[in-house]
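Listed below are the residues making up each chain.
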Amino acid sequence: MKLIDEAKRPLTRAELESILRKRGLIPENCSRAYVGNAVGEFADKIVYLDAVGYWLAMRPCAAARYKPTTRKKAA
């Protein structure tokens with residue numbers, strides 16, 4: 001989430017992978033699926049915007065015409 005916030009724009013999986021590798025946060029031999037699995041752990045905080053990339057779920061993104069919705073928790 002911090003990487004997306006710092007970029008101030010949606011990031012593709014390839015971009016996230018590159019940044020994480022440069023920062024030494026994932027090993028060189030990890031597959032791209034590793035990034036997808038890691039993002040999946042934050043499904044309530046990160047959304048995938050088609051043809052744009054990963055974005056913060058509670059923040060609007062004009063470029064993708066994304067507006068966050070308030071979800072009610074199950075009782």
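What counts, and at which threshold
Residues numbered from 1 in each chain as written. Predicted model: local features only at pLDDT ≥ 70, side-chain atom pairs only at ≥ 80, totals over all residues. Heavy atoms only, no water. Phe/Tyr/Trp six-rings, centres within 6.5 Å; stacked < 30°, edge-to-face > 60°. Pairing = 2+ DSSP bridges. Helix = DSSP H or I, 4+ residues; strand = E, 2+ residues; numbered from the N terminus. pLDDT = per-residue confidence, 0-100. Buried < 20%, exposed > 50% of the residue type's maximum accessible area, 1.4 Å probe, protein only. Salt bridge = Lys/Arg side-chain N within 4 Å of Asp/Glu carboxyl O.

**Q** Before we go on, may I ask you to explain the packing of aromatic side chains in this structure?
**A** To describe a pair of aromatic rings, one takes the distance between the centres and the angle between the planes. Taken as a whole, this structure holds 1 aromatic pair when the rule is applied. Each ring, one from tyrosine 48 and one from tyrosine 54, has its centre 5.1 Å from the other, and the planes form 65°; the classification is edge-to-face.

**Q** Got a minute to help me understand the pairing of strand β1 (residues 46–49) in this structure?
**A** Consecutive side chains along a regular strand alternate between the two faces of the sheet. Two strands pair when backbone bridges link them, and β1 and strand β2 (residues 53–56) are joined in this way by 4 bridges, in the antiparallel orientation. Residue pairing for β2: isoleucine 46 is matched across the bridge by leucine 56. Here β1 folds back onto β2, and the loop between the two strands holds 3 residues, one of which, alanine 51, carries a positive phi near 60°.

**Q** How do you make sense of the confidence of the model for the protein when you look at a structure like this?
**A** Detailed reading of predicted coordinates is not advised where the pLDDT is low. The pLDDT averaged across the protein works out to 87; a share of 92% of its residues lies at or above 70. Within the protein, β2 carries the highest mean pLDDT (95), whereas helix α3 (residues 32–40) carries the lowest (82).

**Q** In this structure, what is going on with unusual backbone geometry? I would like to understand it.
**A** Apart from glycine, the bulk of residues carry a negative phi angle, and the bulk of peptide bonds sit in the trans form. One non-glycine residue, alanine 51, lies in positive phi territory at about 60°. Its place among the elements puts alanine 51 in the loop between β1 and β2. The class for alanine 51 is exposed, based on a relative accessible area of 82%. Even without being glycine, arginine 65 reaches a positive phi, approximately 55°. Looking at the secondary structure, you find arginine 65 in the segment after β2.

**Q** Explain the pattern of salt bridges to me, please; I cannot follow it from the model alone.
**A** All chains considered together, the criterion is met by 5 salt bridges. Residue arginine 23 is joined to glutamate 6 by a salt bridge in which the shortest nitrogen-to-oxygen separation is 2.9 Å. Of this pair, arginine 23 sits in the loop between α2 (13–22) and α3 while glutamate 6 sits in helix α1 (residues 2–7); the two residues are 17 residues apart in sequence, bridging distant segments of the chain. Residue class for arginine 23 comes out partly exposed when judged on its relative accessible area of 45%. In this structure, the salt-bridge partner of arginine 9 is glutamate 15, at a minimum N-O distance of 2.8 Å. A residue is classified by how much of its surface remains accessible, and arginine 9, at 39% relative accessible area, is partly exposed. The exposure class assigned to glutamate 15 is partly exposed, which follows from its relative accessible area of 27%.

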